Amino acid sequence: MLPISINLYKKIKKINSFRNNKESRTAEKLIERYASDIISSSGMQSEKNFMQHGGISCYSHSVSVALMSINIAKVLHIHADIKSMIRGALLHDYFLYDWHDRDPRHKLHGFTHARTALRNAERDFALSEIERDIIEKHMFPVNIKPPRHKESYIVTIADKICALREVITLKL
């Protein structure tokens, strides 16, 4: 059992060391190739004005989740639909408002924003079934419907890792 634990530790360490190397540049090129329409859209650009966690914008958070998703799939050797995974990751928080505003409609943000993001994404982009599942289910288990696709699970995990990093960084 110990070798499995050591192997898992090494994989987690590799996932966390992803940002500063050649693989990160390759991941950024994949985002450019598969999602330049999303990145350049007015909705996505407006995410730069909405804070997600502390001083991290929704835009930066979404890009981080896409990069982390690519890395998780690569390090764990998961054969995923990379295009749909990237596009879904970028749009997973496409709710297009500042949830920190004292607006009664944002009161249950954690439970409702996935549906709002999906509605906005469907309005602005042609989505695959996998992309819809990623956006709608990324808050699992807070939202009780589990993901149906491996890409959705990857993005859900990547979202939790990135959010945790962003929140911990605020506290340090």
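Residues numbered from 1 in each chain as written. Predicted model: local features only at pLDDT ≥ 70, side-chain atom pairs only at ≥ 80, totals over all residues. Heavy atoms only, no water.

Novice: I'd like a rundown of the overall build of the protein, residues and numbers included.
Specialist: Across its full length, the protein holds eight helices and two strands. Here the protein holds 172 residues, and 46% of them are scored as buried. In the protein, the proportion of contacts linking residues at least 24 apart, taken out of those at least 6 apart, comes to 64%. Surface exposure of the protein reaches about 9800 Å², of which carbon and sulfur atoms provide 59%. (Helix = DSSP H or I, 4+ residues; strand = E, 2+ residues; numbered from the N terminus. Buried < 20%, exposed > 50% of the residue type's maximum accessible area, 1.4 Å probe, protein only. Contact = heavy atoms within 4.5 Å. Areas by Shrake-Rupley, 256 points an atom, 1.4 Å probe, with all protein chains shown as cover.)

Novice: So, the packing of aromatic side chains: which residues are in play, and what are the values?
Specialist: Applying the stated rule across the entire model yields one aromatic pair. Sitting over the ring of Tyr34, Arg33 keeps its end group 5.4 Å from the ring centre. Over the face of the ring belonging to Tyr59 we find Lys48, whose NZ or CZ atom lies 4.7 Å from the ring centre. (Phe/Tyr/Trp six-rings, centres within 6.5 Å; stacked < 30°, edge-to-face > 60°. Lys NZ or Arg CZ within 6 Å of the ring centre and 35° of its normal.)

Novice: Run through the side chain of Glu151, naming residues and quoting values.
Specialist: Within the fold, Glu151 resides in helix 8 (residues 150-171). The contacts of Glu151, once residues within four sequence positions are left out, are Ala80, Asp81, Met85, Ile130 and Ile134.

Novice: Could you give an account of the pattern of salt bridges, with specific residues and numbers?
Specialist: This structure, assessed with the given rule, holds six salt bridges. Linking Arg87 and Glu131 is a salt bridge whose minimum nitrogen-to-oxygen distance equals 3.4 Å. With a gap of 44 residues between them, Arg87 in helix 5 (residues 82-91) and Glu131 in helix 7 (residues 129-137) connect regions that are remote in the sequence. No difference in accessibility class separates Arg87 from Glu131, as the two residues are buried. Between Lys137 and Asp133 there is a salt bridge, and its shortest N-O distance comes to 2.6 Å. Remark: Asp133 and Lys137 occur in helix 7; sequence separation between them is four residues, near one turn of the helix. One exposure class covers both Lys137 and Asp133, and it is buried. Sharing partners across several salt bridges, the network here consists of Asp37, Arg87 and Glu131. (Salt bridge = Lys/Arg side-chain N within 4 Å of Asp/Glu carboxyl O.)

Novice: Please set out the nonpolar core residue by residue, giving values where relevant.
Specialist: Core analysis: the biggest nonpolar cluster contains 35 residues, and Ile31, Leu90 and Leu91 have the highest contact counts within it. Secondary-structure elements contributing two or more residues to this core are helix 2 (22-39), helix 4 (58-75), helix 5, helix 6 (109-124), helix 7 and helix 8. For this core, the element with the most residues is helix 4, which contributes nine residues. Leave out the neighbours within four places in its chain, and Leu91 touches Ile38, Ala117, Ala121, Phe125, Leu127 and Ile135. (Core = buried A, V, L, I, M, F, W, Y, C linked by side-chain atoms within 4.5 Å.)

Novice: How would you summarise the environment of Arg148 if you had to cite specific residues and measurements?
Specialist: Mapped onto the secondary structure, Arg148 falls in the loop between helix 7 and helix 8. For the pair Arg148 and Lys137, spaced 11 residues apart in sequence, the C-alpha separation works out to 8.6 Å. Those residues within four positions of Arg148 in sequence are excluded, and the remaining contacts are Glu129, Asp133 and Lys137.

Novice: Could you give an account of the environment of Ile39, naming the residues involved and the relevant values?
Specialist: Mapped onto the elements, Ile39 comes out in helix 2. Taking C-alpha positions, Ile39 is 9.0 Å from Val63, a pair spaced 24 residues apart along the chain. Leaving out residues up to four positions away in the same chain, Ile39 has contacts with Ile31, Met44, Gln45, Tyr59, Val63 and Leu90.

Novice: Outline the packing of helix 4 against helix 5, listing residues and values.
Specialist: At a minimum axis separation of 7 Å, helix 4 and helix 5 run at an interaxial angle of 150°. Classified by the angle between their axes, helix 4 and helix 5 sit roughly antiparallel to one another. Handedness of the crossing formed by helix 4 with helix 5: right-handed. Each of Ser62, Val63, Val65, Ala66, Ser69, Ile70 and Ala73 in helix 4 lies in contact with helix 5, whose residues at this interface are Met85, Ile86, Ala89 and Leu90. Of the residues belonging to the contact of helix 4 with helix 5, the class tally is nine nonpolar, two polar and no charged. (Axes fitted to C-alpha atoms, helices over the stretch in contact; angles between N-to-C directions. Parallel < 35°, antiparallel > 145°, perpendicular 65-115°, else oblique. Left-handed = near helix turned anticlockwise from the far one by under 90°. Nonpolar A, V, L, I, M, F, W, Y, C, P; charged D, E, K, R; others polar.)

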